[in-house]
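Fold and geometry: a report
Listed below are the residues making up each chain.
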Amino acid sequence: MRGHLITFEGGEGAGKSTQIKRLKVRLERLGHEVLVTREPGGSPGAEAVRHVVLSGAAKPFGTNMEAVLFAAARSDNVEQIIKPALAKGMTVLCDRYIDSSRVYQGASGGVDMVFLLSMEQAVTEGARPDLTLIFDLPPEEGLKRAAKVWAGDGPDRFEAEDIDQQRIRRDAFLEIAELEPDRCVVIDASKALDNVSKQVDAVIDAYLDRFEVSAAS
Ligand code: T5A
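Cut-offs applied
- Here, residues in each chain are numbered from 1, in the same order as that chain's written sequence.
- It should be noted that, the model being predicted, local features are given only for residues of pLDDT at least 70 and side-chain atom pairs only at 80 or more, the latter also being counted only at that level, while totals for whole chains, interfaces and linings use all residues.
- Only hydrogens and water are set aside when side-chain values are computed; all heavy atoms of the structure are taken into account.
- Here a residue is considered near a molecule or strand provided that any single heavy atom belonging to it is located within 4 Å of it.
- The definition of a polar contact used here is a pair of N or O atoms within 3.5 Å, where within protein one atom must be able to donate a hydrogen and the other to accept one, and adjacent residues in sequence count solely through side-chain atom pairs.
- Here, Shrake-Rupley sampling with a 1.4 Å probe gives the accessible areas, and only protein chains in the shown set may cover a residue.
- For each structure, a 1 Å grid was placed over the protein atoms alone; sets of points admitting a 1.4 Å probe that cannot get out are labelled cavities, open sets with protein on both sides within 12 Å along at least five of seven lines are labelled pockets, and lining residues have an atom within 4 Å of a point.
- For this analysis, a molecule is said to be in a pocket or cavity if more than half of its atoms are within 2 Å of the grid points defining it.
- A run of DSSP states H or I qualifies as a helix once it reaches four residues; a run of E qualifies as a strand once it reaches two. Both are numbered from the N-terminal end.
- Working rule for contacts: check all heavy atoms of both residues, and any pair within 4.5 Å makes them a contact.
- Grid points are joined across faces, edges and corners, and a volume is the space filled by probe spheres set on the points.
- The set of buried Ala, Val, Leu, Ile, Met, Phe, Trp, Tyr and Cys residues whose side-chain atoms join them within 4.5 Å is what this entry labels a nonpolar core.
- Each residue's exposure class comes from its accessible area (1.4 Å probe, protein chains only) as a fraction of the maximum for that residue type: buried when under 20%, exposed when over 50%, partly exposed otherwise.
- In the sections that follow, a salt bridge refers to a side-chain nitrogen of Lys or Arg positioned within 4 Å of a carboxyl oxygen of Asp or Glu.
- Under the convention adopted here, Pro, Cys and the residues Ala, Val, Leu, Ile, Met, Phe, Trp and Tyr are nonpolar, Asp, Glu, Lys and Arg are charged, and Gly plus all remaining residues are polar.

**Some words on the site of the ligand**
As a structural note, the neighbourhood of the ligand is formed by 27 residues, with Glu12, Lys16, Ser17, Thr18 and Ser101 the closest of them. A distance of 2.9 Å is found between an oxygen atom of the ligand and a backbone nitrogen or oxygen belonging to Gly15. When the ligand sits alone it has 1000 Å² of accessible area, and the protein chains cover 85% of it. At a threshold of 2 Å from the grid points, most atoms of the ligand map onto the largest pocket. Put simply, the parts of the chain that give the shell around the ligand at least two residues each are helix H1 (16–29), helix H2 (44–54), helix H3 (63–87), helix H4 (98–107) and helix H8 (193–216). Sorting elements by how many residues they give to the shell around the ligand places H4 first, with four residues.

Next comes the structure, spelled out in structure tokens:
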């Protein structure tokens, strides 16, 4: 028995966390056991690494170092949280996962893609995403939204980067969606909250229907 691993990706302030909360409630009403996790973070070890990467403390050591730290955090989250939940048949909703490393460290950070993909393979064995929702919106709008939740802390290490970097990331997420259409679906995150929820629900329902048909055959 293996549950579902559904990942949520996109630029800053795209509305992923908000939609994950809504989806969890809906899936539980439908009888799913749901676990929500996030990256970097999720497990106690990975949460410790989260502080190091998002504060910018690792930035002076270069993007390769940051990529390894994200992979280390992922490895702990996968082993401690994601794999045990999948083994129990749970539906895991993960706020950012492998595509964030491909985009932030690879496409915009310049880390060698072969290096990144080999780390990805090593740490996610048995926990590849079944479905990925890519939240797409203009980065200017995403940063405006993200700024609402910064409170007194200001932007983190990645939110503080210039708009050109954020545009590169948007394009890179869309390219992943194009290259992996069986796994990825693009959500128009620029719409109002309820409209985005409707898009998310439609994608999840279609995925679960497909899964039930293939499980029955
Ligand atoms: N990172 C991460 C890497 O570089 N490599 C990696 O491998 C990984 C895993 C994580 C950072 O780390 C980087 C990427 C990130 O920069 P984080 O704090 O976890 O940092 O950052 P985000 O995931 O970007 O979290 P955000 O909170 O910025 O974005 P969300 O979750 O997409 O947005 P959300 O839901 O919190 O919404 C933001 C605001 O917008 C409003 C909400 O109410 C909220 O105020 N909102 C809307 N407003 C209008 N219309 C809508 N449709 C709205 N939806 C939400």
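Picking up where we left off.
**Re the side chain of Ser108**
Here Ser108 lies in the loop between H4 and helix H5 (113–124). Leave out the neighbours within four places in its chain, and Ser108 touches Val103, Gln165, Ile168 and Arg169.

**Focus: the layout of surface pockets**
The computed volume of the largest pocket comes to approximately 990 Å³. Taken together, 38 residues make up the lining of the largest pocket; nearest its centre are Glu12, Gly13, Lys16, Ser17 and Glu159. Contributions of two or more residues to the lining of the largest pocket are made by H1, H2, H3, H4, helix H6 (139–147) and H8. Sorting elements by how many residues they give to the lining of the largest pocket places H1 first, with five residues.

**With respect to the environment of Glu79**
Here Glu79 is to be found in helix H3. Each C-alpha atom, one on Glu79 and one on Glu28, is 24 Å from the other, the two residues being 51 residues apart in sequence. Here the side chain of Glu79 touches Lys83 through a polar contact of 3.2 Å, side chain to side chain.

**Examining the nonpolar core**
Phe8, Leu93, Leu133, Phe135, Val200 and Ile204 are the most contacted members of the largest nonpolar core, which has 20 residues in total. Of all the secondary structure elements, the ones that give two or more residues to this core are strand E1 (4–10), H1, strand E4 (131–136) and H8. If you tally residues by element for this core, the top one is H8, at six residues. With sequence-adjacent residues up to four places away left out, Phe8 is seen in contact with Lys16, Ile20, Leu23, Leu93, Cys94, Asp95, Arg96, Leu133 and Phe135. The next biggest cluster of nonpolar side chains, apart from the first, holds twelve residues, and it includes Ile134, Phe158, Ile176 and Cys184.

**A closer look at the pattern of salt bridges**
The tally for this structure, following the rule as stated, stands at 23 salt bridges. The partner of Arg128 in a salt bridge is Glu120, with the nearest N and O atoms 2.9 Å apart. Here Arg167 ties to Asp164 by a salt bridge, and the two come within 3.2 Å at their closest N and O atoms. Of the two residues, Arg167 and Asp164 are both situated in helix H7 (residues 163–179); the distance of three residues between them amounts to about one turn of the helix.

**A few points about empty space enclosed by the protein**
To find the voids left in a structure, one rolls a probe of water-molecule size over its atoms. What the rule picks out here adds up to two cavities of 30 Å³ or more. Reported here for the largest cavity is a volume of approximately 120 Å³. Considering the residues around the largest cavity, the lining is formed by 15 residues, among which Gly11, Glu12, Leu137, Gln166 and Arg170 are closest to the centre. Broken down by element, the residue count for the lining of the largest cavity peaks at four residues, all from H7. Split into classes, the residues belonging to the lining of the largest cavity amount to seven nonpolar, four polar and four charged. If you add up the space inside the second largest cavity, you get close to 70 Å³. Together, Ala67, Ala71, Arg74, Ile98, Ser101, Arg102, Leu116, Met119, Glu120 and Val123 line the second largest cavity. For the lining of the second largest cavity, the secondary structure elements donating two or more residues are H3, H4 and H5. Looking at which element gives the most residues to the lining of the second largest cavity, the answer is H5, with four residues.

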